[in-house]
Amino acid sequence: MPYDPKRIEPRWQSHWRERGTFRAEIDPSRPKYYVLDMFPYPSGAGLHVGHPKGYIATDVLARWKRMRGFNVLHPMGWDAFGLPAEQYAIETGTHPRVTTRRNIETFKRQIESLGFSYDWSREIDTTDPGYVRWTQWIFARLFERGLAYEAEVPVNWCPALGTVLANEEVIDGKSERGGHPVVRLPMKQWMLRITAYADRLLEDLGELDWPEPIKKMQRDWIGRSEGARVRFAVADHDGVEIEVFTTRPDTLFGATYMVLAPEHALVPRITTAAQREAVAAYVEAAKRRSERARIADAKTKSGVATGAFAVNPVNGERVPIWIADYVLAGYGTGAIMAVPAHDERDFEFATAFGLPIRKVVEGTGQELPSTGDGVSVDSGLISGLPTSEAKRRIVAWLESEGRGEGTVTYKLRDWLFSRQRYWGEPFPVLHLEDGSVKLVPESELPVTLPELDDFRPAGERETPLERAREWMQTVDAETGRPARRDRNTMPQWAGSCWYFLRFVDPRNEREPFSREAERYWMPVDLYVGGAEHAVLHLLYSRFWHKVLYDLGLVHTKEPFRKLVNQGMILGASYRYFDDDVADDGRADVRRYSFREVRAEGDGTVAMDDGRPVKARWVPAAQVRSEDGRAWHAELPGLELEEVIEKMSKSRGNVVNPDEVVAEHGADSMRLYEMFLGPIDKEAPWTTEGILGVSRFLQRAWRLLVDEDAPGEPGRALPAGAGTPEQRRLVATTVQGVTDDLEAMRFNTAIAKLMVFVRDVAKDAPLPREAALAFVKLLAPFAPHIAEELWEKLGHRESIAYAPWPEADPALLVADTVTIAVQVNGKRRAEVAVPSDADDDAVRAAALASENVRRHLEGKTPRKVIVVKGRLVNVVL
RNA sequence: GCCCGGGUGGCGGAAUUGGUAGACGCGCUAGCCUCAGGAGCUAGUGAGGGCAACCUCGUGCUGGUUCGAAUCCAGUCCCGGGCACCA
């Protein structure tokens, strides 16, 4: 019988499960390696082939590290709180706990079928009360340190979802999930003081082995900028000052007007009677204007003069005060000094409203606005100074005069940490009647969710928890006084902020994790997940980790030493177009192939009469391919356009791993995903492509197994290491695969294994030592077949801990090398020379080559360049 | 608009440091095997020319540096992602 993964794979999976092969225990005598996947949210749809790509990569490395003697921690769990289960509960009444449990079962079955070497005894579920307890416990520590506080803040309220959202969850004025409109409302909310850690979050990025783009995104998100606060007196208002933030205090002499954000507190106070009406109208309009509209015409500046004037502290000049929505209330002080000559936005505004423009920096180009550094001019005490020195001097002067000071601001805001939802961690706090807030005593943790049968918000601005009236009303166990529970729950990010710490000691009931386990296993050596978490999860968990560091609970400043973002797996989807733009399914719909339409503006229109059309996606099952083109199986003559894009249900291009495993086996699936290309790049899935790696495994199988003999024994292999060629092939394969694994070049490692199988038994039978080395090299990638072959080679122990082979350095250098010979840079011949031949010998051999002589045409070379082991270039 | 990635055969992708472009795989072609094959095996496969040995062209485009450029430099076009009035 040929290689049959269906027979082999379940057998080894239960073998590993039963023996606890991948159970990890603390062992100070061995070096540890903690390799972690970003744990998934178990959605109802199950996995598609894109999800496991990162898991396969980490599993290959985990298995490889074990074979190299590392004590490997490789856990998996579930980020199981979250909106979809709750939305489903609202629609169907099914408790999110039930949905979540069912989804976890599906995910776990699918993940296990791929043969990952997780230590399942460490499985975590963030919704488990035993986990929630410690999430709440950490929140309590944040609260004690003043890092969690309640504040009345304008929040992103999403009426459709019935909740507020974090800034990060709002994109272009719409919710990230579902794309529902979001409005700004003031509400009392829990906030986490992540801004207190802004500098450390920024600085410590330096030491991390993370992709540069991700680090940069975090830096930009934190958005540190150095500058100064400057106070301008408001003319004719005794003691009233406007404080502005600027990164260019050196341009203070060029300030020709000021701008307040429409929401600025001073606006009503300083507006003159003549301007009152216009200002009120503008403020009102700005309030109504959606985020989206503001962004859309960011280039058109609008604003209104307040009629008031401010006094520039450096020269006593009176400058008009305007309000405009290009100044944001939430950044800096919500007010700016406008220097139109040296700021693009101020320049646009000044041009639009005819305000004066005064140049105070020279040497940055003639065209205004010029925003670069130069030399200050017409600037009193800083005239003639270069920008950096001018900044220093003017800040010193402002400080000595009490008119301002040097300061730093951040784009990063405090983290809005509460949600008006049911399916999340309750806050472990009590609201007492006197309005004070205290923590639920530690002995009372966890605070568990009340049972509900209706999960909708309880009313306009009321939360689902408020339906549980008895649960909400409680008593403070310490004083016996009546108390109200918090009506909010934590956001989904909470559980994932520290799960990597729980994995080191997941069943601890006395503390979140033991000091011993944390000291041994942390930090995470390799963390693999999607780039979509670049700022959110990764910034939040770094923040929590630093708080725990300050509490002495963890011993490293940073949780994740090395980070890798796996690229997506894309699928082919197919589409045509029709003119039923309104989706009303009328009968006379006209259909178009992609060849009959063109893009116009934001949409697509028919080429013949220009009517708008809409794309229709055709599930793969209804696509017929013929002479290299795709056709609709049920609508004859309708040619479909193939589009390679992210897999998603709506596109009908999702490939289910269950089907792939059933047809080709888990080992082929693992190998294929790793063979597709570099791990961090996206790559399209094709059904034919997997046949290549499947064939490779079959060949490997036949190389080692006698399929015709009864019981399919391993072949009787000659003892020893074989011919010199075979020994050399083993050595170069071992070295190559090892180097590739070190650099996570899985695709080229697999290519080298393919070459090995192709060539090793070409001229002589496969020797036993070569077979042993090969099976070990294969094991991290295709563990099931490797175990099976390992057993057939006579081993009783799992290959999981077999020592990784080492290459004999002596075999890595060939006896003879083939050298390319160029004449004037063009390749004309090849010569074989001994690898230790000196340059003169190589040169002689090259010049003696027939084709080279022909191209020399009897001339004497001007120069001959010899690159050792590579080539010879003869220059005429 | 700004900041990152990336453009290599029909396709996915290889190519230590500037040194034989196209490893490996898919697909395709031919042959073998077969009752049959969406199975297996062998060979071929960047384009063009030539019976052949070989020759010419070729890594988005235009220049440059170099004995030699996919690789370095300058400019430019296209694709993907991130940020987007942050003073």
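What counts and how
- Residues numbered from 1 in each chain as written.
- Chains lettered and ligands numbered in written order.
- Predicted model: local features only at pLDDT ≥ 70, side-chain atom pairs only at ≥ 80, totals over all residues.
- Heavy atoms only, no water.
- Near = heavy atom within 4 Å.
- Polar contact = N/O pair within 3.5 Å; in protein donor to acceptor, adjacent residues only side chain to side chain.
- Helix = DSSP H or I, 4+ residues; strand = E, 2+ residues; numbered from the N terminus.
- Salt bridge = Lys/Arg side-chain N within 4 Å of Asp/Glu carboxyl O.
- Buried < 20%, exposed > 50% of the residue type's maximum accessible area, 1.4 Å probe, protein only.
- Pairing = 2+ DSSP bridges.
- Contact = heavy atoms within 4.5 Å.
- Axes fitted to C-alpha atoms, helices over the stretch in contact; angles between N-to-C directions.

### What about the protein's contact with RNA strand B?
Residues in close proximity to RNA strand B total 50 residues, the closest being Thr247, Arg345, Arg695, Arg758 and Asn873. Considering the 4 Å shell around the protein, atoms of RNA strand B inside it are sugar or phosphate in 65% of instances. With respect to RNA strand B, the backbone of Tyr326 contributes an N or O atom lying 3.0 Å from a sugar or linking oxygen. At 3.1 Å, a side-chain N or O of Arg699 approaches a phosphate oxygen of RNA strand B. Element by element, the count of residues in the surface near RNA strand B is highest for helix 22 (residues 746–759), at six residues.

### Concerning the pattern of salt bridges
Counted under the stated rule, the structure contains 58 salt bridges. Ionic pairing is found between Glu243 and Arg231, a salt bridge with its closest N-O pair at 3.0 Å. Of the two residues, Glu243 sits in strand 11 (residues 241–246) while Arg231 sits in strand 10 (residues 225–234), which places them 12 residues apart along the sequence. Given the relative accessible area of 25%, Glu243 is considered partly exposed. Overlapping salt bridges, with partners in common, bring together Arg229, Arg231, Glu241, Glu243, Arg403 and Glu405 in one network.

### Quick notes on the sheet that holds strand 5 (residues 148–158)
Each strand in a sheet pairs with another by means of backbone hydrogen bonds, the pair being arranged parallel or else antiparallel. On the basis of which strands lie adjacent, the open sheet formed by four strands has the order 6-5-9-19 and antiparallel pairing. The open sheet terminates on both sides in strands that have one partner only, identified here as strand 6 (163–165) and strand 19 (415–416). Sheet analysis places strand 5 next to strand 6, joined by three bridges and oriented antiparallel. By the bridge assignment, Cys158 is partnered in strand 6 with Thr163. On top of the sheet, helix 5 (residues 129–144) reaches strand 5 and strand 9 (183–192); it is set at about 95° to strand 9, its chief contact.

### Focus on the environment of Val504
With respect to the secondary-structure elements, Val504 resides in the loop between helix 15 (499–502) and helix 16 (515–521). Judged by its relative accessible area of 3%, Val504 is buried. When the C-alpha positions of Val504 and Leu812 are compared, they lie 41 Å apart, and in sequence the two are 308 residues distant. Once you skip the residues sitting within four places of it in the chain, Val504 turns out to touch Tyr34, Leu73, Arg122, Phe513, Ala517, Glu518, Trp521 and Met522.

What is shown is where atoms sit, not what they do.
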